[in-house]
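Architecture at a glance
What follows is the residue order along each chain.
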Amino acid sequence: MKNIFITENLTAKHAKTKRKVRKGIKLSALCVTFALFAVMLTSCNEKKAEESHEEEKSTTEVVLTTSQYNTVGIETGIVEDRNLNKIIKANGYTTVPPQNSAEVSTLIGGTVKDIYVLEGTFVNKGKVLATIQNLEVIEMQEDYHSATANVEYLQLEYNRQKTLSDENVNPRKTFQEVKAKLAAERARAQAAKNKLDALHVSTKGTTSVVPIVSPINGYVGKINIAKGAFANTGVSLFEVVDNSQMHLDLNVYEKDLGSISIGQVIDFVLTNQSNKSIKGKIFGVNKSFSNESKTVAVHAKIDPADAKGLIPGMYVSANINITNATVPALPKDAVVKNADKYFVFIQENEKTEKKYDHAAGEKEEVHEQEVHFKAIEVVPGTTDLGFTEVKFVNEVPANAKIVTKGAFYLLSAMKGGGEHEH
């Protein structure tokens, strides 16, 4: 009986010990599992960070082999300090001063008798462009001749009456009446002469023909009459334009007015003929807004030699040169645009050997060198004389090798995923 109790007691202790051992094993296994999970999590995070870094690096870096480098013709340079003009862009059109453009009309109506010019003909001031007929002109000439004859007669009578009046032979009243008549006839003669002069009709003889003459030198524009038609007063018959004093009217926005001043030089091209750049100089700025777009007209002279071939109403695109400043600049082809940002490419290092992995027994290939480039964001400024002002978003070394030729190729390679292979 005693042996059975001892045996049962030992069995119970053994079972308790086994339970403790199993519990310890489970705890150890759980710890190992957590440790492995932590290691895997850390490894995944490191891998993701590395992949993210590699992805970011691949979107800003380009790698070319030596053969690609030579084929593309990559050229590098450094940032230079250059004198570039800061400009304001403006649009406008060619025009002439009011005194160099004329609408020719007649002061008296009449039937068109002759037309002596064609559109595009150059005429001098006073040139007869056409003639009209009006019988009232004959009456004006008769009035002049009659008044002139009366003036001659009354002048003699005036002299005689003055002598008699001075000797107290005739009453002074008679002398005063002759004097008044003489003054009236002189006024009538002068009025008739002024009318004939305004119509460019001679005071000698009689005629019904009225010449229409050009008031300025210039080219005949529109001709609005025909032979045999009736020409009304106040209606434009001819247009004459003197292109020798051509100038520009440019529309400048309110925000740019503070930078505009008389004497500034402008460069402009014809909007539809942008193959030639012409210079001008500002001579006037309006003091009121010209329309609802809040622009002010700025007037610029054109050198007469450059104005040849220009006609009023041609649309132009102009650059107003504001200041000449020394700024860091690169050739304009060095700056490329990607989306809404601008970049230049910097050569990061000297040529390095490109490494290949070879399987056991595989013939070793010739190792080719490669060149690394990195895209650097910049903010472009003024472009002038083939150079563009650049401001780097992040600081770069002063002697950095910047790609001045082939930047567009590198941009295409960068968009393609970094390394650009052929």
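Residues numbered from 1 in each chain as written. Predicted model: local features only at pLDDT ≥ 70, side-chain atom pairs only at ≥ 80, totals over all residues. Heavy atoms only, no water.

**Considerations on the sheet that holds strand β4 (residues 101–104)**
- Here we have four strands laid out as an open sheet, ordered β4-β11-β9-β6, and antiparallel in their pairing. Unpaired on one side and paired on the other, β4 and β6 (122–123) mark the two borders of the sheet. (Pairing = 2+ DSSP bridges. Helix = DSSP H or I, 4+ residues; strand = E, 2+ residues; numbered from the N terminus.)

**Some words on the packing of aromatic side chains**
- As enumerated under the stated definition, the model contains three aromatic pairs in all.
- On the basis of an interplanar angle of 10 degrees and a centroid distance of 6.2 Å, the ring pair of Tyr 69 and Phe 373 is categorised as stacked. Of this pair, Tyr 69 sits in helix α2 (residues 66–72) while Phe 373 sits in strand β20 (residues 369–384), placing them 304 residues apart in sequence. Each of the two residues, Tyr 69 as well as Phe 373, counts as buried.
- Taking the centre distance of 5.1 Å and the plane angle of 65 degrees together, the rings of Phe 122 and Tyr 219 count as edge-to-face. Pair noted here: Phe 122 is in strand β6 and Tyr 219 is in strand β9 (residues 218–223), with a separation of 97 residues, a long-range link.
- Using a relative accessible area of 44% as the deciding quantity, one classes Phe 122 as partly exposed.
- In this structure, Lys 294 is placed above the aromatic ring of Phe 289, and the distance from its NZ or CZ to the ring centre is 4.5 Å.
- One residue, Lys 301, lies across the ring of Phe 283, its end atom 5.7 Å from the ring centre. (Phe/Tyr/Trp six-rings, centres within 6.5 Å; stacked < 30°, edge-to-face > 60°. Buried < 20%, exposed > 50% of the residue type's maximum accessible area, 1.4 Å probe, protein only. Lys NZ or Arg CZ within 6 Å of the ring centre and 35° of its normal.)

**Observations concerning the side chain of Asn 134**
- By secondary structure assignment, the location of Asn 134 is in the loop between β7 (128–133) and α3 (136–166).
- Here Asn 134 falls in the buried class, since its relative accessible area comes to 13%.
- Within polar-contact distance, the side chain of Asn 134 engages the backbone oxygen of Gly 109 at 2.4 Å.
- Discounting residues that sit within four places of it in the chain, Asn 134 has contacts with Ile 108, Gly 109, Gly 110 and Ser 208. (Polar contact = N/O pair within 3.5 Å; in protein donor to acceptor, adjacent residues only side chain to side chain. Contact = heavy atoms within 4.5 Å.)

**Considerations on the packing of α3 against helix α4 (residues 172–198)**
- In contact at an axis separation of 7 Å, α3 and α4 are set at 155 degrees when each is read in the N-to-C sense. Viewed along their axes, α3 and α4 adopt a mutual orientation that is roughly antiparallel. You can see that α3 and α4 cross each other, and the crossing is left-handed.
- Classifying every residue of the contact of α3 with α4 gives 13 nonpolar, eight polar and 11 charged. (Axes fitted to C-alpha atoms, helices over the stretch in contact; angles between N-to-C directions. Parallel < 35°, antiparallel > 145°, perpendicular 65-115°, else oblique. Left-handed = near helix turned anticlockwise from the far one by under 90°. Nonpolar A, V, L, I, M, F, W, Y, C, P; charged D, E, K, R; others polar.)

**Some details on the pattern of salt bridges**
- Applying the stated criterion across every chain yields a total of eight salt bridges.
- Here Lys 227 ties to Asp 114 by a salt bridge, and the two come within 3.5 Å at their closest N and O atoms. You can see Lys 227 sitting in the loop between β9 and β10 (230–231) and its partner Asp 114 sitting in strand β5 (residues 110–115), a full 113 residues away along the chain.
- A salt bridge links Lys 279 to Asp 267; the nearest nitrogen and oxygen atoms lie 2.5 Å apart. Here Lys 279 is found in strand β14 (residues 273–285), whereas its partner Asp 267 is found in strand β13 (residues 265–270), with 12 residues between them in sequence.
- Through salt bridges with shared partners, a single network forms among Lys 113, Asp 114 and Lys 227. (Salt bridge = Lys/Arg side-chain N within 4 Å of Asp/Glu carboxyl O.)

**A few points about the pairing of strand β18 (residues 341–347)**
- For β18, the tally of buried residues reaches five of seven residues, placing the bulk of the element in the interior.
- Sheet topology note: the strand β17 (residues 336–338)/β18 ladder contains three bridges and is antiparallel. Opposite Val 336, over in β18, you have Phe 343 as the bridge partner.
- Sheet topology places β18 next to β20; six bridges connect them, and they run antiparallel. Looking at the pairing, Phe 345 lines up with Ala 375 of β20.

**Some words on the sheet that holds strand β8 (residues 209–213)**
- Read from one edge to the other, the open sheet built from four strands follows the order β8-β7-β5-β10, with strand pairing classed as antiparallel. Looking along the sheet, the strands with just one partner apiece sit at the ends: β8 and β10.
- Summarising the sheet, β5 and β10 pair through two bridges and their orientation is antiparallel. If you follow Thr 111 over to β10, its bridge partner there is Phe 230.

**Examining the nonpolar core**
- In this structure, Ile 108, Leu 129, Ile 132, Val 137, Leu 199, Val 210 and Phe 238 are the most contacted members of the largest nonpolar core, which totals 25 residues.
- Contributing elements (two or more residues each) for this core: β4, β7, α3, α4, β8 and β11 (238–241).
- Val 241, Ile 266, Leu 270 and Ala 300 belong to the second-largest nonpolar core, a separate cluster that totals 23 residues. (Core = buried A, V, L, I, M, F, W, Y, C linked by side-chain atoms within 4.5 Å.)

**Describing a negative patch on the surface**
- Together, Glu 136, Glu 139, Glu 142 and Asp 143 give the surface a local cluster of negative charge.
- Within the secondary structure layout, Glu 136 lies in helix α3.
- Of the residues examined, Glu 136 reaches a relative accessible area of 45% and is grouped as partly exposed. (Patch = residues over 30% accessible without salt bridge, like charges linked within 9 Å, V, L, I, M, F, W, Y side chains within 5 Å. Areas by Shrake-Rupley, 256 points an atom, 1.4 Å probe, with all protein chains shown as cover. Lys, Arg positive; Asp, Glu negative; His and termini not counted. Charge placed at Lys NZ, Arg CZ, Asp CG, Glu CD.)

**Here we look at unusual backbone geometry**
- For His 200, which is not glycine, the phi torsion reads 60 degrees and is therefore positive.
- Its location among the elements puts His 200 in the loop between α4 and β8.
- Despite not being glycine, Ala 339 has its phi angle at roughly 60 degrees, a positive value.
- Positionally, Ala 339 belongs in the loop between β17 and β18.
- Judged by relative accessible area, Ala 339 falls into the exposed class, the value being 66%.

**Section: α3**
- The end-to-end C-alpha separation of α3 is 44 Å, in line with the 45 Å expected for 31 residues at 1.5 Å each.
- For α3, every residue scored as buried is listed here: Val 137, Met 140, Gln 141, Tyr 144, Ala 147, Val 151, Leu 154, Glu 157, Tyr 158, Gln 161, Leu 164 and Ser 165.
- Where the residues of α3 are buried, they touch α4 and β8.
- Following α3 by one or two positions, Asn 168 adopts a phi angle in the positive range, close to 65 degrees. (Expected span 1.5 Å × (residues − 1).)

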